[in-house]
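Here are the chains, one letter per residue:
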Number of protein chains: 2
Amino acid sequence: MAIKKSKFDLQCADCPIRHRAVCSKCEADELALLEDMKFYRTFEAGQTIAWAGDDLTFVGSVVRGVATLGQTLEDGRTQMLGLLLPSDFIGRPWRKTSAYDVCAITDVTLCCFRRKPFEDMLVRPPHIGERLLEMTMDELDAAREWMLILGRKTAREKIASLLTIIAHREQAHDVPKINAPVTIDLPLTREAMSDYLGLTLETVSRQISALKREGIILLEGKRKVVVPDMARLLAQTGSDAISHL
Amino acid sequence: MAIKKSKFDLQCADCPIRHRAVCSKCEADELALLEDMKFYRTFEAGQTIAWAGDDLTFVGSVVRGVATLGQTLEDGRTQMLGLLLPSDFIGRPWRKTSAYDVCAITDVTLCCFRRKPFEDMLVRPPHIGERLLEMTMDELDAAREWMLILGRKTAREKIASLLTIIAHREQAHDVPKINAPVTIDLPLTREAMSDYLGLTLETVSRQISALKREGIILLEGKRKVVVPDMARLLAQTGSDAISHL
DNA sequence: CGCGAATTTGACACCACTCAAAGTATGTGG
DNA sequence: CCACATACTTTGAGTGGTGTCAAATTCGCG
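We now turn to the structure provided with this report. None of the values given here were measured: they were computed from a predicted structure. (Residues numbered from 1 in each chain as written. Chains lettered and ligands numbered in written order. Predicted model: local features only at pLDDT ≥ 70, side-chain atom pairs only at ≥ 80, totals over all residues. Heavy atoms only, no water.)

**Focus on the relation of the copies chain A and chain B**
So, point 1. At an RMSD of 0.1 Å, chain A and chain B line up after a rotation of 180 degrees and a shift of 0.1 Å along the axis. The transformation relating the two chain copies, once decomposed into turn and shift, fits a two-fold axis.
So, point 2. A symmetric contact is evident, with 100% of the interface residues of chain A recurring at the interface of chain B. (Least-squares fit on C-alpha atoms with pLDDT ≥ 70 in both. Contact = heavy atoms within 4.5 Å.)

**A short note on the protein's contact with DNA strand C**
So, point 1. The environment of DNA strand C is formed by 18 residues, the closest being A:Arg190, A:Ser205, A:Ser209, B:Ala155 and B:Thr203.
So, point 2. Across the atoms of DNA strand C situated within 4 Å of the protein, the share located in sugar and phosphate is 64%.
So, point 3. The backbone of B:Ala155 places a nitrogen or oxygen atom 2.7 Å from a phosphate oxygen of DNA strand C.
So, point 4. A distance of 3.1 Å separates a base nitrogen of DNA strand C from a polar side-chain atom of B:Glu202.
So, point 5. Contributing elements (two or more residues each) for the surface near DNA strand C: helix H6 (201-213) of chain A together with helix H6 (201-213) of chain B. (Near = heavy atom within 4 Å. Polar contact = N/O pair within 3.5 Å; in protein donor to acceptor, adjacent residues only side chain to side chain. Helix = DSSP H or I, 4+ residues; strand = E, 2+ residues; numbered from the N terminus.)

**Notes on the pattern of salt bridges**
Between side chains of opposite charge, a pair can form as their charged atoms come close.
Residue and element names in this part refer to chain A.
So, point 1. On inspection of all chains with the given rule, the structure shows 28 salt bridges over all chains.
So, point 2. Ionic pairing is found between Arg95 and Asp141, a salt bridge with its closest N-O pair at 2.4 Å. Of this pair, Arg95 sits in the loop between strand S6 (89-90) and strand S7 (101-104) while Asp141 sits in helix H3 (residues 127-152); the two residues are 46 residues apart in sequence, bridging distant segments of the chain.
So, point 3. Taking the relative accessible area as the measure of exposure, Arg95 reaches 24% and is therefore partly exposed.
So, point 4. The exposure class of Asp141 is buried, given its relative accessible area of 16%. (Salt bridge = Lys/Arg side-chain N within 4 Å of Asp/Glu carboxyl O. Buried < 20%, exposed > 50% of the residue type's maximum accessible area, 1.4 Å probe, protein only.)

**Quick word on the packing of aromatic side chains**
Residue and element names in this part refer to chain A.
So, point 1. Counted under the stated rule, the structure contains eight aromatic pairs over all chains.
So, point 2. Between Trp146 and Tyr196, the ring centres sit 3.8 Å apart and the planes meet at 25 degrees, which makes this aromatic pair stacked. One end of the pair, Trp146, is in helix H3; the other, Tyr196, is in helix H5 (residues 190-197), with 50 residues separating them in the sequence.
So, point 3. Judged by its relative accessible area of 5%, Tyr196 falls in the buried class. (Phe/Tyr/Trp six-rings, centres within 6.5 Å; stacked < 30°, edge-to-face > 60°.)

**A look at the interface of chain A and chain B**
So, point 1. With 57 residues of chain A at the interface, the matching set in chain B holds 57 residues.
So, point 2. For the pairing of chain A and chain B, the buried interface totals around 5,100 Å² over both sides, and the portion due to carbon and sulfur atoms is 66%.
So, point 3. Considering only the surface of chain A that becomes buried against chain B, A:Lys25, A:Ile128 and A:Leu132 emerge as the three largest contributors, covering 14% of it.
So, point 4. Seen at the junction of chain A and chain B, the total is 24 residue pairs in polar contact (both at pLDDT 80 or more).
So, point 5. If you list the elements that add at least two residues to the side of chain A that touches chain B, you get helix H1 (28-37), strand S5 (78-84), helix H2 (115-122), H3 and H5 of chain A.
So, point 6. A total of 20 residues in the side of chain A that touches chain B trace back to one element, the largest contributor, which is H3(A). (Buried area = accessible area lost by both parts, 1.4 Å probe.)

**Here's the deal with H5(A)**
All names here are of chain A.
So, point 1. Counting buried positions along H5 gives six out of eight residues, so the element sits mostly inside the fold.
So, point 2. For H5, the complete set of buried residues consists of Arg190, Ala192, Met193, Ser194, Tyr196 and Leu197.
So, point 3. Phi turns positive one or two residues past the end of H5, at Gly198, with a value near 70 degrees.

**Thoughts on the state of the cysteines**
So, point 1. A complete count under the given rule lists zero disulfides over all chains for this structure.
So, point 2. The cysteine A:Cys26 is free of any disulfide, with A:Cys23 supplying the nearest cysteine sulfur at 6.1 Å.
So, point 3. Here B:Cys12 is not disulfide-linked; the sulfur of B:Cys23 is the nearest cysteine sulfur, at 6.1 Å.
So, point 4. Among the residues examined, B:Cys12 registers a relative accessible area of 9% and is labelled buried. (Disulfide = S-S within 2.5 Å.)

**What to know about the packing of helix H4 (residues 155-170) of chain B against helix H5 (residues 190-197) of chain B**
Residues and elements named next belong to chain B.
So, point 1. Orientation of H4 relative to H5, taken along the N-to-C sense of each, is 105 degrees, at an axis distance of 11 Å. With respect to H5, the axis of H4 lies roughly perpendicular. Where H4 abuts H5, its residues Lys158, Ile159 and Leu162 lie against Met193, Tyr196 and Leu197.
So, point 2. When its residues are assigned to classes, the contact of H4 with H5 shows five nonpolar, no polar and one charged. (Axes fitted to C-alpha atoms, helices over the stretch in contact; angles between N-to-C directions. Parallel < 35°, antiparallel > 145°, perpendicular 65-115°, else oblique. Nonpolar A, V, L, I, M, F, W, Y, C, P; charged D, E, K, R; others polar.)

Everything listed here is a matter of geometry and, on its own, says nothing about what the molecule does.
Structure representation (structure tokens):
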């Protein structure tokens, strides 16, 4: 029995999203744990729930209302990356900050869980599920980064972003020297790149030629790219930084 | 001790992706279970591992090589939706068919798990993790559907796709009559729609006006859309069907 | 060396963007 | 209740970026 109740308090059993939200498969014992760690928060239409990069001290479910997940390029172009309807989940376990702008577009009520106890519920064996969850969330972040590229970037920015992403994936375990020349081994044909970026292969070819003409990249054969100055390439991506660096 | 070994057999302890793949957090007992249900398969460069809609009798990890995840529109336009590198996971628990085209772009070795025993490892309590995994995978599917829209569809197709998606989300629990008139309550402004679809708000407005002129939709106020014949709207989406119907 | 595939380059068209202005709701204060 | 302000939407005119179609060139490999 709760000692104090705010006007938004609600027993899980009476919750309108009980059968669809993250708690929908929980049995009585788990539900009791959640009941203890939960609290409600409300936001007015138009309010920002979190900016990208902000600390997000909770995770939780949308109980009522609609919110959006979005990201903004340095010059102000924005792309919506998700629509959060009742029962959808907000936040990511084990990550302290929000990767996205979260905005309430109608009045919104959230059922929030304090991060730490919620995470503790996830780390019990079998660990395979825990790891699969983590990997799926990484995939989701990658897909959303990709959405921003597909929706809002120019052909040149798309090419620069792709080169940057591949460069950093290859160099993941090397010393991260941003001022040293970098060699990128392209595993993709021009056509595969065009498929990746939502362009035609001719446009891909033209943009690569243009970057070469301007000395931002050098080609060694068709499948190797040398970047003499990674900062100059980064300046062509349209983003201040690539998120998963 | 395994009774028979193929040339691809490998002890988990010696596996090159042991520390990054889905099994990376497993302890000895879980690893022993996986060892029992796993088998290796190889694919040559260029081979298709699965077409969208095919039965996929396993889930598993990429051990070696690079594969792509993609989808194709009815007229042949394609969009890549994911790049699968060593340690990445293929397939989705509890789903029998592949939602995407999976292609090997280099020679690929997969460590496959039989679906059923793998799923059984995921369904133990706490169920909150299980449900969160399921929801995250739904989000990932939605993000990838969105990627196809952003990367390869025209403005008109984007609008038609958005209306279709919202219509079916709203009617999720109603009778799925495809021939009856449908009313869609748009929760989004023109600007929000443009953010969603990677368009400008002017283009959104023009396309909606065009669809109205042609009688494919009717407007009731600015925020309500009536679709007299859903089949005609579907014909404008560029897809044979919207996947999550 | 010679073939086929991949890539580059060119010319042109068109879709979607930009800038601008007019029209339409919605709500506020007099 | 009306006048006005504000936000949203629609429409127009003109431009530019990217797609389309076509041809030339280079690369990779037997």
